[in-house]
Amino acid sequence: MPLPVTAGTAGYLGTLLAGLATPIGLYRLFNGISHGVPADGKHDMFERLVRAHGNATEYVPIFLILLAACEDTKALPQSRLAMIGTTYCVLRTLHSANILRPDVVPKICRMAGFVGGIAAIAGLSGVLLLKASQRA
């Protein structure tokens, strides 16, 4: 069954992850860093890049799995799932932007990204649990 909301959301979030990963690889290449983050304190931006990418890879996959499960089971209307997916994309972007540029992007963006992201994951999980209990 096609999952257009999940497909669009995954497309955006995949692009975000690629955008976060690319400068890490380039930084490693041009600075001779094969793995890890040097502890010499000279690579602050590199640390922020690694953290922004790492944080996204911790949360994005489970969100997409839950979104796909909700879409596949019709646990919520597609319009509501689209709203949730779009909001999650905006929040993820704001969260990453604050990690990368705390001097430019207000901390509230990171906080909103965290709280909204956890709320989306918890909310979709709850919806799926309710849907599963109705089938039992």
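See the structure above.
Every chain begins its residue count from 1, and numbering advances along the sequence as written. For this predicted model, a pLDDT threshold of at least 70 governs which residues receive local features, and a threshold of 80 or more governs which side-chain atom pairs are given and counted, while totals over whole chains, interfaces and linings are taken from all residues. Think of the side-chain values as coming from all heavy atoms in the structure, minus any hydrogens and water.

**Q** Is there a simple way to think about the state of the cysteines in this case?
**A** Disulfides are covalent bonds that link the sulfur atoms of two cysteine residues. Note on disulfides: each one is a pair of cysteine sulfur atoms within 2.5 Å. Summed over all chains, the structure comprises zero disulfides. Of the cysteine sulfurs around C70, a residue in no disulfide, the closest is that of C89, at 15 Å. Classification of C89 as buried rests on a relative accessible area of 9%. Only protein chains enter the accessibility calculation, which uses a 1.4 Å probe. A residue is then buried if its area is under 20% of the maximum for its type, exposed if over 50%, and partly exposed in between.

**Q** How do you make sense of the nonpolar core when you look at a structure like this?
**A** As used in this record, nonpolar core signifies buried Ala, Val, Leu, Ile, Met, Phe, Trp, Tyr and Cys residues forming a set joined through side-chain atoms within 4.5 Å. Residues L13, V60, F63, L81 and L124 are the most contacted members of the largest nonpolar core, which totals 29 residues. Of all elements in the fold, only α1 (4-31), α2 (44-73), α3 (78-100) and α4 (107-135) reach the threshold of two or more residues within this core. Ranked by residue count, the leading element in this core is α2, at 10 residues. Strands are runs of DSSP state E lasting at least 2 residues, helices are runs of H or I lasting at least 4, and numbering of each runs from the N terminus.

**Q** What should I look at first to understand empty space enclosed by the protein in this one?
**A** Gaps left between atoms show up when a probe the size of a water molecule is rolled over them. For each structure, a 1 Å grid was placed over the protein atoms alone; sets of points admitting a 1.4 Å probe that cannot get out are labelled cavities, open sets with protein on both sides within 12 Å along at least five of seven lines are labelled pockets, and lining residues have an atom within 4 Å of a point. Grid points are joined across faces, edges and corners, and a volume is the space filled by probe spheres set on the points. Taken as a whole and judged by the stated rule, the model has one cavity of 30 Å³ or more. Counted as a void, the largest cavity has a volume near 50 Å³. Residue lining of the largest cavity: N55, Y59, Y88, R92, H95, G113, F114, G117 and I118, and that is the complete set. Put simply, the parts of the chain that give the lining of the largest cavity at least two residues each are α2, α3 and α4. With four residues, the top contributor of residues to the lining of the largest cavity is α4. Residues were grouped as follows: Ala, Val, Leu, Ile, Met, Phe, Trp, Tyr, Cys and Pro as nonpolar; Asp, Glu, Lys and Arg as charged; and all remaining residues, including Gly, as polar. Taken together, the residues that form the lining of the largest cavity break down as four nonpolar, four polar and one charged.

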